[in-house]
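# Notes for the structure review
What follows is the residue order along each chain.
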Amino acid sequence: MAITTLPGSTRKTRRPPSPAGPRRTSLGRKVRDNLTGHAFLIGAVLCFVVFSWYPMIRGIVMSFQRTRRGETVWVGWDNYARIIDDPSFWTAWRNTFTFTLLALVLGYAVPFFVALLLNEFRHARGYLRILVYLPVMLPPASALFLFKFYAYDPSEAGLFNAILKALHLPTSQWMQSPEMTMPAMVIASTWMNMGSAVLIYLAALQNIPGELYEAAELDGAGIWRRIRHVTIPQTRLILALLAMLQIVATMQLFVEPLILANGAGAEDSATSVAYLIYQHGFFQNDLNGAAALGVIMLVVLAGFSAAYVRLTAKQD
C-alpha cells in the first residue's frame, strides 16, 4: 500500500519492492548454477567420447577390417579366426590367468593383512601409512628396473639371492627361469601397487564399530575368530569391489613382462594378452589383429564385470 505525504511535508512516497526482483535474481542464479554444472558435465562427456568411447568403437570396427597398402576391406571374422589359430594366443591367455590367480592369492591378501596390522598400531600410524604408500608414488618403470637389476639379479649379488643364501636356501635365476617368472612378477607388482589398497582397507576398518570387537572378546573370540566373524563381514563390500578391480587390473598385464622379462620371457613364460596386442600392433604391423585381440579381452573383462554385478546384487 502506498504511503502518501501530508501537505507541506517533504517526505516522499515509498512503495514496497516488486516481488519480480528477488524472483528474477533467484531464477538467474539457478540458470547460472545449472550452466556451470552442465559445462563441467559436457567437458567430462567430451573427454570420455574422444579418449574412451571413440577408440573403443573404432577398435571394434577395425577388428572386422583388413588394411593393406592403404586399402581397407571388410573381412568379417577372419581376424578373429587368425588370432585364435596363433599358438601364442593360448600361451598368452594361460600366462595371464596364471598371473591373475597368483595376484589374487598374494597381491590381494597381503594388502588386507598389512592393513589389519597397521590398524592395531597406536603410534606412528601416519608415518607407517606414508611408508606403505611410498611405492605407489614411484614411476612403475623405475620400480621395475629396481627389481630387475637389483632384487632379481641372478648372481649372488642380487638382493633376494643374498637373502636366500643367508638363510642357507638355494638361490634362483628369477627372471631367467621359466618357473620363477610369474611369481617374480607377482611379487614386484604387489610391492608397487598395494599401497592404495592398504589405505582403502584402513578406511574401511576404522569405520567398524568398536562395540562389535568388544562383544566378540567377551564371548572369548580370539584374533582369527574376530577377523572371520567381525572384520570380514563388515568389510565385505570393499573386499568384493577390490577383488573385481584386482582381476581387471591384472588381466591387463603389460608393464611387468615388458621390463622385467624383455617381453616374452624365457620360453614365452611372460607373454601376456596385452603384450601380444602390443606385438601385433607395433612389431608385426597388424593393427586389425591387435584390434581383434583387444575386443576379445574386452568381452572377457565385461563377462567378469557382469558376474561381479550379478553376485553383489544377489548378496544385497
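Residues numbered from 1 in each chain as written. Predicted model: local features only at pLDDT ≥ 70, side-chain atom pairs only at ≥ 80, totals over all residues. Heavy atoms only, no water.

Within the largest apolar cluster, 21 residues are counted, with the highest numbers of intra-cluster contacts made by Phe147, Tyr152, Met175, Met185 and Leu260. The set of elements that each furnish at least two residues to this core consists of α6 (140–151), α7 (159–166), α8 (181–206) and α12 (255–260). With six residues, α8 is the single largest residue contributor to this core. Those residues in contact with Met185 that sit more than four places away from it in its chain are Phe99, Met175, Leu253, Glu256, Pro257, Leu260 and Ala270. Phe112, Ala115, Ala216 and Leu242 belong to the second largest nonpolar core, which has 20 residues in total. (Core = buried A, V, L, I, M, F, W, Y, C linked by side-chain atoms within 4.5 Å. Buried < 20%, exposed > 50% of the residue type's maximum accessible area, 1.4 Å probe, protein only. Helix = DSSP H or I, 4+ residues; strand = E, 2+ residues; numbered from the N terminus. Contact = heavy atoms within 4.5 Å.)

Since there are 3.6 residues in each turn of an α-helix, residues three or four apart along the chain are aligned in direction. Every buried residue of helix α4 (residues 109–119) is accounted for by Pro111, Phe112, Ala115, Leu116, Leu118 and Asn119. Buried residues in α4, looked at end-on, bunch into an arc of 165 degrees, giving them a common side. In this structure, the buried residues of α4 make contact with α3 (87–107), α5 (125–137), α8, α10 (223–234) and α11 (236–251). (Arc of directions from axis to C-beta.)

Time to look at the pairing of strand β2 (residues 71–74). Bridge count between strand β1 (residues 65–68) and β2: four bridges; the pairing is antiparallel. Within β2, the residue paired with Gln65 across the bridge is Trp74. Where β1 folds back on β2, the antiparallel hairpin that results is connected by two residues, among which Arg69 adopts a positive phi of roughly 55 degrees. (Pairing = 2+ DSSP bridges.)

Another point: a nonpolar patch on the surface. A contiguous nonpolar surface patch, about 1,000 Å² in accessible area, is contributed by Leu41, Val45, Phe48, Val49, Val50, Phe51, Trp53, Met56, Ile57, Ile60 and Leu298. The dominant element in the nonpolar patch, judged by the number of residues it contributes, is helix α1 (residues 20–62), at ten residues. Its place among the elements puts Val45 in helix α1. (Patch = residues over 30% accessible without salt bridge, like charges linked within 9 Å, V, L, I, M, F, W, Y side chains within 5 Å. Areas by Shrake-Rupley, 256 points an atom, 1.4 Å probe, with all protein chains shown as cover. Salt bridge = Lys/Arg side-chain N within 4 Å of Asp/Glu carboxyl O.)

Another point: the side chain of Thr91. Looking at the secondary structure, you find Thr91 in helix α3. Here Thr91 falls in the buried class, since its relative accessible area comes to 17%. In contact with Thr91, other than residues within four places in its own chain, are Asp268 and Thr271.

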